[in-house]
Amino acid sequence: MHPLPLEQLLALDRRHVWHPYAALPAQGPIFPVRSARGVYLELETGERLVDGMASWWACIHGYNHPRLNQAAHAQIDRMSHVMFGGLTHQPAVQLAQRLVAWTPEPLQHVFFCDSGSVAVEVAMKLAIQYWYNRGRPQRQHFLTLRRGYHGDTFAAMAVCDPVNGMHHLFRQSLVSQYFAEAPRVGFDQPWQEEDIDSFARLLDQYQGEIAAAIFEPIVQGAGGMRFYHPEYLRRVRQLCDHYDTLLILDEIATGFGRTGKLFACEYGPVCPDILCLGKALSGGFMSLAATLTTGEISQTFAQGEAGVFMHGPTFMANPLACAVALENLNLLASYDWAERVAAIAQQLEAELAPCRDLPAVKAVRVLGAIGVVELHQPVDMAVVQPQFVAQGVWLRPFGRLIYTMPPYIIEPPQLQQITAAIATVVAGLT
Ligand SMILES: *Cc1c(COP(=O)(O)O)cnc(C)c1O
């Protein structure tokens, strides 16, 4: 591949290439990245940006990590891919063993796929087929929360916030699901029992048709960056047990230490019946996701009508992705990540606190390596993004939210560059 001249690269990008949640041609500037190393993105234009996004929560150990590169090279020389029907391999089996060991004890079986949205689809299909296997085929609906985010494919989209997700556009194609009010009590506020009422009422009313409740534990991510009370999660687990409904936890954003626990469900602690993982699983190296289930669920499939679980992606358990993910988890196990995440939390808390006094700011909140500045008004990305780039940092706000979730390897001066840029940009907003 010969690199195109910069002008031509950007012109062709505008002419032919979709970007996430974008129009064509894309509105606002698009920045070309040449390479990335550690916490830095290096642009084709020569600037070096501290990455405050970890490429959407995924790149927890920074870019171009020598150990991940080494794992990928070694696996490429054996095979980068092979079908998973009737075949198996070292990377998939060892990664599954590791995921089972790290997640709560009842989760025993791992279904690999290639993206978070598909891991959610798999979880939802597993829940429906499970009830079918148990002679309860009327249980085909899902109960979830407003302000949630679970992915962009149809079943996943149907359990995203109906307003943010613009469900009315897809009315004829989208299954309508049940939505409880988003939790109001914050992570460290005093618990109030009314917070669970909306969820409890819906579950009571529709118990006979609900296959599973599906939740992001503790952190509602892309739907609003909100942190809710662990008691809420405990009550959800109790209510699901009481009504004999499955609980799916979507830890695609929260998994692997981001919130200060290895998995956010440990804040309960609660154990889901089905767990979705993705994003940081491969350290942001390549797309990989997984859905874990309990033995109680998996064991019903052999006797069910289909006799099998009806899903099997072409690139299931891609060996290259699994090998890199396994090394990423080895890396995570090799240092005190909890201490690092706690240090990031402490620095974010200290350095973002002054933003609370700025007129544009509604709230500032920090949990683990997640720092959020919520504004009164939506930001104009086309204006704000170049301001961040001019200060040498990469952030991608959405709506009324400016937030950072940096790689865990970030050093204090680099993180300070991010928080200072946030403070400066937010101070300039009215
Ligand atoms: C990002 C995300 C997904 C979707 O993952 P993709 O890999 O983008 O398909 C699902 N659930 C949560 C909580 C996420 O943050």
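Owing to the predicted nature of the structure, the values given are computational and were not obtained by experimental measurement. (Residues numbered from 1 in each chain as written. Predicted model: local features only at pLDDT ≥ 70, side-chain atom pairs only at ≥ 80, totals over all residues. Heavy atoms only, no water.)

### Some points on helix α8 (residues 230-242)
Here α8 spans 19 Å end to end across 13 residues, near enough to the 18 Å set by a 1.5 Å rise per residue. Along α8, the positions that sit buried rather than exposed are Pro-230, Glu-231, Tyr-232, Leu-233, Arg-235, Val-236, Arg-237, Leu-239 and Cys-240. Contacts from the buried residues of α8 go to β5 (141-145), α7 (197-206), β7 (210-215) and β10 (246-250). (Helix = DSSP H or I, 4+ residues; strand = E, 2+ residues; numbered from the N terminus. Expected span 1.5 Å × (residues − 1). Buried < 20%, exposed > 50% of the residue type's maximum accessible area, 1.4 Å probe, protein only. Contact = heavy atoms within 4.5 Å.)

### Considerations on the site of the ligand
Contacts to the ligand come from Ser-115, Gly-116, Ser-117, Tyr-149, His-150, Gly-151, Glu-216, Asp-250, Ile-252, Ala-253 and Lys-279. One of the side-chain N or O atoms of Ser-117 is found 2.6 Å from an oxygen atom in the ligand. Take Asp-250: an N or O atom from its side chain is 2.6 Å from a nitrogen atom of the ligand. Calculation on the ligand without its partners gives an accessible area of 380 Å², and the protein chains cover 81% of this total. Split by residue class, the shell around the ligand holds three nonpolar, five polar and three charged. (Near = heavy atom within 4 Å. Polar contact = N/O pair within 3.5 Å; in protein donor to acceptor, adjacent residues only side chain to side chain. Areas by Shrake-Rupley, 256 points an atom, 1.4 Å probe, with all protein chains shown as cover. Nonpolar A, V, L, I, M, F, W, Y, C, P; charged D, E, K, R; others polar.)

### Some words on the packing of aromatic side chains
Applying the stated rule across the entire model yields 13 aromatic pairs. Each ring, one from Tyr-130 and one from Trp-131, has its centre 4.9 Å from the other, and the planes form 70°; the classification is edge-to-face. Both residues of the pair, Tyr-130 and Trp-131, count as buried. The interplanar angle of 70° and the centroid separation of 5.4 Å between the aromatic rings of Tyr-228 and Tyr-232 together place this pair among those described as edge-to-face. Take Tyr-228 and Tyr-232: they sit in the same class, and that class is buried. Three or more aromatic residues joined by ring pairs make a cluster, and in this case those are Trp-191, Phe-199, Phe-215, Tyr-228 and Tyr-232. Positioned above the aromatic ring of Trp-131, the side-chain terminus of Arg-139 is 4.2 Å from the ring centre. (Phe/Tyr/Trp six-rings, centres within 6.5 Å; stacked < 30°, edge-to-face > 60°. Lys NZ or Arg CZ within 6 Å of the ring centre and 35° of its normal.)

### Description of helix α12 (residues 381-390)
Buried residues of α12: Val-384, Gln-385, Phe-388 and Val-389, and no others. All buried residues of α12 lie within an arc of 140° about the axis, which places them on one face of the element. In this structure, the buried residues of α12 make contact with β2 (40-43), β3 (48-51), β15 (393-394), β16 (401-404) and α13 (412-427). Where α12 begins, the capping side chain belongs to Asp-380, and its oxygen is found 3.1 Å from the backbone nitrogen of Ala-382. Just downstream of α12, Gly-392 is the residue with a positive phi angle, here 80°. (Arc of directions from axis to C-beta.)

### A short note on the pattern of salt bridges
According to the stated counting rule, one finds 12 salt bridges in the structure shown. Its salt-bridge partner being Arg-234, residue Glu-231 comes within 2.7 Å of it at the nearest N-O pair. Taken together, the residues span about one helical turn, with Glu-231 and Arg-234 both in helix α8 at a distance of three residues. On the basis of relative accessible area, Glu-231 is assigned to the buried category, the value being 18%. Judged by relative accessible area, which is 27%, Arg-234 ranks as partly exposed. Glu-374 serves as the salt-bridge partner of Arg-365, at 2.8 Å between the closest nitrogen and oxygen. (Salt bridge = Lys/Arg side-chain N within 4 Å of Asp/Glu carboxyl O.)

### Here's the deal with the nonpolar core
Note on soluble globular proteins: their nonpolar side chains tend to be buried together. Membership of the largest hydrophobic core comes to 119 residues, with the highest contact counts inside it found for Leu-95, Leu-99, Phe-199, Phe-215, Ile-248 and Ile-422. Considering each element in turn, this core owes the most residues, nine residues, to helix α5 (residues 116-133). Two domains each donate at least three residues to this core, and these are domain 1 (31-64 + 336-427) and domain 2 (69-333). With near-sequence residues (within four places) excluded, Ile-422 lies in contact with Leu-352, Cys-355, Val-373, Phe-388, Leu-395, Ile-402 and Thr-404. With eight residues, the next largest nonpolar core counts Ala-36, Leu-43, Ala-54 and Val-389 among its residues. (Core = buried A, V, L, I, M, F, W, Y, C linked by side-chain atoms within 4.5 Å. Domains from an automatic or database assignment.)

### Description of the sheet that holds strand β11 (residues 274-277)
Read from one edge to the other, the open sheet built from seven strands follows the order β4-β12-β11-β10-β7-β5-β6, with strand pairing classed as mixed. Whereas interior strands pair on both sides, the edge strands pair on one side only; in this sheet they are β4 (107-113) and β6 (178-180). Along the sheet, successive strands turn relative to each other by an average axial angle of 20°, direction set aside. Bridging between β4 and strand β12 (residues 289-294) involves six bridges; their strand directions are antiparallel. Note that in β12 the partner of His-109 across the bridge is Thr-293. (Pairing = 2+ DSSP bridges. Axes fitted to C-alpha atoms, helices over the stretch in contact; angles between N-to-C directions.)

### As for the pairing of strand β1 (residues 33-37)
Pairing of β1 with β2, which is carried by four bridges, proceeds in the antiparallel orientation. Bridging across to β2, Val-33 finds its partner in Leu-43. Adjacent in sequence and paired antiparallel, β1 and β2 are bridged by two residues, among which Gly-38 carries a positive phi angle near 60°.

### Structural notes on the pairing of β10
Most of β10 is tucked away: five of the five residues are buried. When β7 meets β10, the two strands line up parallel, connected through four bridges. Paired with Phe-215 across the two strands is Leu-249, which belongs to β10. Judged from the three bridges that link them, β10 and β11 form a sheet pairing that is parallel. Counterpart to Leu-249 in the pairing with β11 is Leu-275.

### So, the packing of α12 against α13
Relative orientation of the contacting elements α12 and α13 amounts to 140°, with a least axis distance of 10 Å. As judged from the angle between their axes, α12 and α13 are oblique. Our pair here, α12 against α13, has a crossing hand that is right-handed. For the pair α12 and α13, the contacting residues are Val-384, Gln-387 and Phe-388 in the first and Ala-421, Ile-422 and Val-425 in the second. (Parallel < 35°, antiparallel > 145°, perpendicular 65-115°, else oblique. Left-handed = near helix turned anticlockwise from the far one by under 90°.)

Take it as geometry only, folks, not as evidence of what the structure does.
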